Amino acid sequence: MKAAVSQIKKKGFSLALVTDIVKKAKIEPIVFYNRYKNLDEFYDEFVKKYDYWLRDFVRNNITELDTPEIYGDLLGKLMETLIDDAIMAEIIRWEISEGNHITERTARLRELHSQDMIDMAVDIKTDADIVAISALLVAGIYFLVLHKDRSTFAGIDLNTPEGKKRVTDACHHVGEMLFCEGPVKKERQRIADNLRKQGVPEEIIAKAIAG
């Protein structure tokens, strides 16, 4: 397993070979094949160790998603976790690049285990589709992490503290906008209703509560 971790970090799932792993593990190929039929069977067991990462990540980091600070912190910690966990990042890369029964299973399990976070997001009082917005943010974090060793993206370099801070700050900013949208809309509606009671024309009301 340790040898596989080393080779997967170096080459990725698609390019790591049995010969690479057994050489790194300092064992004869027959030892490997006495336990596993092939590399696919080994990967099937290997990847199961990581199947529950998102569920555990959510449960270990939040109990309620009820403030913009918690929302921003969660996304920031997700980014840091993926940067620190090279194998998890490689699993996601593998899922994107290759379809097989292992990658399809891990993708489905990740969707299933993200349900706790989705349920908490649905409870946030806002008119915005926070689940879809969160999906875009998480997908963006995935891409930035997987892309970080190829090039900067929009000038953001996740290999630097400054780059990480920019992304984390942006996540907090989006959280503040999402959490504030509902109360702000209600306050604008209250102001509009009061102005109507005073006979103020609609065009003036529209300007008064705009943006």
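Our structure is the block above this text.
Everything numeric here is computed off the predicted structure, so don't read it as measured data.

Student: Just give me the short version of the overall build of the protein, but keep the residues and values in it.
Tutor: Regarding its fold elements, the protein presents 12 helices and 0 strands. Along the protein, helices and strands appear, N-terminal first, in the series α-α-α-α-α-α-α-α-α-α-α-α. A buried classification covers 40% of the 211 residues belonging to the protein. Considering only intrachain contacts with a sequence separation of at least 6, the fraction spanning at least 24 residues in the protein is 61%. Of the accessible surface of the protein, which amounts to about 12800 Å², a share of 55% is contributed by carbon and sulfur atoms.

Student: Could you give an account of empty space enclosed by the protein, naming the residues involved and the relevant values?
Tutor: Within the structure shown, the criterion is met by 2 cavities of 30 Å³ or more. Reported here for the largest cavity is a volume of approximately 40 Å³. Surrounding the largest cavity, L144, H147, K148, S151, T152, F153, I156, D157 and L158 form its lining. Residue composition of the lining of the largest cavity, grouped by class: 4 nonpolar, 3 polar and 2 charged.

Student: Describe a nonpolar patch on the surface, listing the residues and the values that go with them.
Tutor: Together, I27, I30 and V31 make up a nonpolar patch on the protein surface, roughly 250 Å² of accessible area in all. One can find V31 in helix α3 (residues 29-35). We classify V31 as partly exposed; its relative accessible area is 43%.

Student: Explain the nonpolar core residue by residue, including any values.
Tutor: Judged by nonpolar contacts, the single largest core of 43 residues is most densely connected at F13, F42, Y43, F46 and L158. At the level of secondary structure, the elements contributing two or more residues to this core comprise α1 (2-11), α2 (18-25), α4 (39-48), α6 (68-84), α7 (86-97), α10 (130-147) and α11 (161-197). Ranked by residue count, the leading element in this core is α10, at 7 residues.

Student: Provide a residue-level description of the environment of I87, including the pertinent values.
Tutor: Within the fold, I87 resides in helix α7. Judged by relative accessible area, which is 2%, I87 ranks as buried. Sequence separation of I87 and S6 is 81 residues, and the distance between their C-alpha atoms is 9.3 Å.

Student: Could you give an account of the packing of aromatic side chains, with specific residues and numbers?
Tutor: The tally for this structure, following the rule as stated, stands at 11 aromatic pairs. Seen in terms of ring centroids, F13 and F46 are 6.1 Å apart; in terms of plane orientation they differ by 70 degrees. Their pairing is edge-to-face. With a gap of 33 residues between them, F13 in the loop between α1 and α2 and F46 in helix α4 connect regions that are remote in the sequence. The same class applies to F13 and to F46, which are both buried. Measuring from centroid to centroid gives 5.3 Å for F32 and Y36, while their planes differ by 45 degrees, and the two rings are tilted. Per residue, the accessibility class of F32 equals that of Y36, and both read buried.

Student: Tell me about the environment of T160, and please be specific about residues and values.
Tutor: Relative to the assigned elements, T160 resides in the loop between α10 and α11. A residue is classified by how much of its surface remains accessible, and T160, at 23% relative accessible area, is partly exposed. Spatially, the C-alpha atom of T160 lies 9.9 Å from that of K148, the residues being 12 residues apart in sequence.

Cut-offs used in this document
- Residues numbered from 1 in each chain as written.
- Predicted model: local features only at pLDDT ≥ 70, side-chain atom pairs only at ≥ 80, totals over all residues.
- Heavy atoms only, no water.
- Helix = DSSP H or I, 4+ residues; strand = E, 2+ residues; numbered from the N terminus.
- Buried < 20%, exposed > 50% of the residue type's maximum accessible area, 1.4 Å probe, protein only.
- Contact = heavy atoms within 4.5 Å.
- Areas by Shrake-Rupley, 256 points an atom, 1.4 Å probe, with all protein chains shown as cover.
- 1 Å grid on protein atoms, 1.4 Å probe; cavity = no way out; pocket = protein on both sides within 12 Å on 5 of 7 lines; lining within 4 Å.
- Points joined across faces, edges and corners; volume = space filled by probe spheres on them.
- Nonpolar A, V, L, I, M, F, W, Y, C, P; charged D, E, K, R; others polar.
- Patch = residues over 30% accessible without salt bridge, like charges linked within 9 Å, V, L, I, M, F, W, Y side chains within 5 Å.
- Salt bridge = Lys/Arg side-chain N within 4 Å of Asp/Glu carboxyl O.
- Core = buried A, V, L, I, M, F, W, Y, C linked by side-chain atoms within 4.5 Å.
- Phe/Tyr/Trp six-rings, centres within 6.5 Å; stacked < 30°, edge-to-face > 60°.

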